[in-house]
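Each chain, written out:
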Amino acid sequence: RHTRSASVSWARMCIRDSAKKTEIDANTPEMYSFDEFMKSLHHPLVIYYTNIKPINGMMLIVLENKMISNLIEILFGGRARDEVDDTRQFSNLEIAIGKLFVDIITRSLTPAWEVIKNNLKFEYLKGIVNPNLVNVIGLDENVITTKFNLTVNEISSEFTLCYPHSTISPMTVSYTHLTLPTICS
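Remember, predicted model here, so these are calculated numbers, not experimental data. (Residues numbered from 1 in each chain as written. Predicted model: local features only at pLDDT ≥ 70, side-chain atom pairs only at ≥ 80, totals over all residues. Heavy atoms only, no water.)

Participant: Just give me the short version of a nonpolar patch on the surface, but keep the residues and values in it.
Facilitator: On the surface, a nonpolar cluster with roughly 330 Å² of combined accessible area is contributed by L75, F76 and L93. By the secondary structure assignment, F76 is in the loop between α3 (65-75) and α4 (92-113). (Patch = residues over 30% accessible without salt bridge, like charges linked within 9 Å, V, L, I, M, F, W, Y side chains within 5 Å. Areas by Shrake-Rupley, 256 points an atom, 1.4 Å probe, with all protein chains shown as cover. Salt bridge = Lys/Arg side-chain N within 4 Å of Asp/Glu carboxyl O. Helix = DSSP H or I, 4+ residues; strand = E, 2+ residues; numbered from the N terminus.)

Participant: Now, about α3: what can you tell me, with residues and values included?
Facilitator: For α3, the buried fraction is high: 8 of the 11 residues fall into the buried class. Buried residues of α3: N65, M67, I68, S69, N70, L71, I72 and I74, and no others. Buried residues in α3 make contact with β3 (45-53), β4 (57-64), α4, β6 (142-152) and β7 (155-164). After α3 finishes, the residue G77 shows a positive phi value of roughly 85°. (Buried < 20%, exposed > 50% of the residue type's maximum accessible area, 1.4 Å probe, protein only. Contact = heavy atoms within 4.5 Å.)

Participant: Quick one: what's the story with empty space enclosed by the protein, residue by residue and with numbers?
Facilitator: Enumeration according to the criterion identifies 1 cavity of 30 Å³ or more in this entry. By volume, the largest cavity amounts to about 50 Å³. Looking at the lining of the largest cavity, the elements that each hand over two or more residues are α3, β6 and β7. The element contributing the most residues to the lining of the largest cavity is α3, with 4 residues. (1 Å grid on protein atoms, 1.4 Å probe; cavity = no way out; pocket = protein on both sides within 12 Å on 5 of 7 lines; lining within 4 Å. Points joined across faces, edges and corners; volume = space filled by probe spheres on them.)

Participant: So what's going on with the packing of α3 against α4? Residues and values would help.
Facilitator: Put simply, α3 and α4 touch, their axes get as near as 10 Å, and they point 85° apart. Accordingly, the angle class assigned to the pair α3 and α4 is roughly perpendicular. In contact with M67, I68, L71, I72 and L75 of α3, α4 contributes E94, I97 and F101. Of the residues assigned to the contact of α3 with α4, the class counts are 7 nonpolar, no polar and 1 charged. (Axes fitted to C-alpha atoms, helices over the stretch in contact; angles between N-to-C directions. Parallel < 35°, antiparallel > 145°, perpendicular 65-115°, else oblique. Nonpolar A, V, L, I, M, F, W, Y, C, P; charged D, E, K, R; others polar.)

Participant: Hey, could you go over the nonpolar core for me, with residue numbers and the actual values?
Facilitator: Core analysis: the largest hydrophobic core is formed by 35 residues, its most contacted members being L63, W113, F159 and L161. The set of elements that each furnish at least two residues to this core consists of β1 (22-26), β3, β4, α3, α4, β6, β7 and α5 (165-175). By size, the runner-up hydrophobic cluster in this structure holds 15 residues, among which are L45, I47, I128 and V143. (Core = buried A, V, L, I, M, F, W, Y, C linked by side-chain atoms within 4.5 Å.)

Participant: Tell me about the environment of N153, and name the residues and values.
Facilitator: Here N153 shows up in the loop between β6 and β7. The class for N153 is partly exposed, based on a relative accessible area of 38%. When the C-alpha atoms of N153 and A80 are compared, they prove to be 7.6 Å apart, with 73 residues separating the residues in sequence.

Participant: Hey, could you go over the pattern of salt bridges for me, with residue numbers and the actual values?
Facilitator: As enumerated under the stated definition, the model contains 4 salt bridges in all. Between D35 and K39 there is a salt bridge, and its shortest N-O distance comes to 3.2 Å. Taken together, the residues D35 and K39, both in helix α2 (residues 34-40) and 4 residues apart, mark about one turn of the helix. For D35, a relative accessible area of 24% corresponds to the partly exposed category. Measuring nitrogen to oxygen at the nearest pair gives 3.5 Å for the salt bridge that ties E158 to K147. One end of the pair, E158, is in strand β7; the other, K147, is in strand β6, with 11 residues separating them in the sequence.

Participant: Any chance you could break down unusual backbone geometry for me, citing the residues and the numbers?
Facilitator: Cis geometry is found at the peptide bond from H43 to P44, where omega equals -5°. Position of P44 among the secondary structure elements: in the loop between α2 and β3. For the bond running from K53 to P54, omega is 5°, close enough to zero to count as cis. Relative to the helices and strands, P54 is located in the loop between β3 and β4.

Participant: Let's hear about the confidence of the model for the chain: which residues, and what values?
Facilitator: The predicted model of the chain has a mean per-residue pLDDT of 81, with 82% of residues at 70 or higher. Note that pLDDT drops below 50 for residues 1-12; the model gives that stretch 33 contacts with residues more than four away or on any other chain. This stretch, residues 178-185, has a pLDDT under 50; its non-local contacts, to residues over four places away or in other chains, come to 4 contacts. (pLDDT = per-residue confidence, 0-100.)

Next comes the structure, spelled out in structure tokens:
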């Protein structure tokens, strides 16, 4: 729910051409074992490691092929496409463009999480194209994932945020004591 509040700013910052119709939607968060999550990913992809300070937790941001290809098309004046080449690896430029998008996401998450935990900082660590090298937690440990759909001119691409449960659980204790204002009676 808190990551949804950042949706509008992501779309505005990512897509600079106001003529393009842009929407971003968050799916319901889901919990998996880390092994199940890793097996569910479509290749090729880039997994970006992010450190969450001061709690020393981790977050993964997964950009699959279609998302990175469409970001590049949009940033360089092309059109987002439904069909992308799933057989090739990413170039360093494509990984760097994905990192720019990750920077936008992490800047947007800080105010979104402020309701639960003040002063969280999301620090980019690295991007990895080989999912077999991702070693954040044990394969049997739980992760919480939220998949986002970014639609530009009716072409959808997805990215996923993945938090180890051990990162989120200390913050949920403080969240249970919050009194949120009533918006509707």
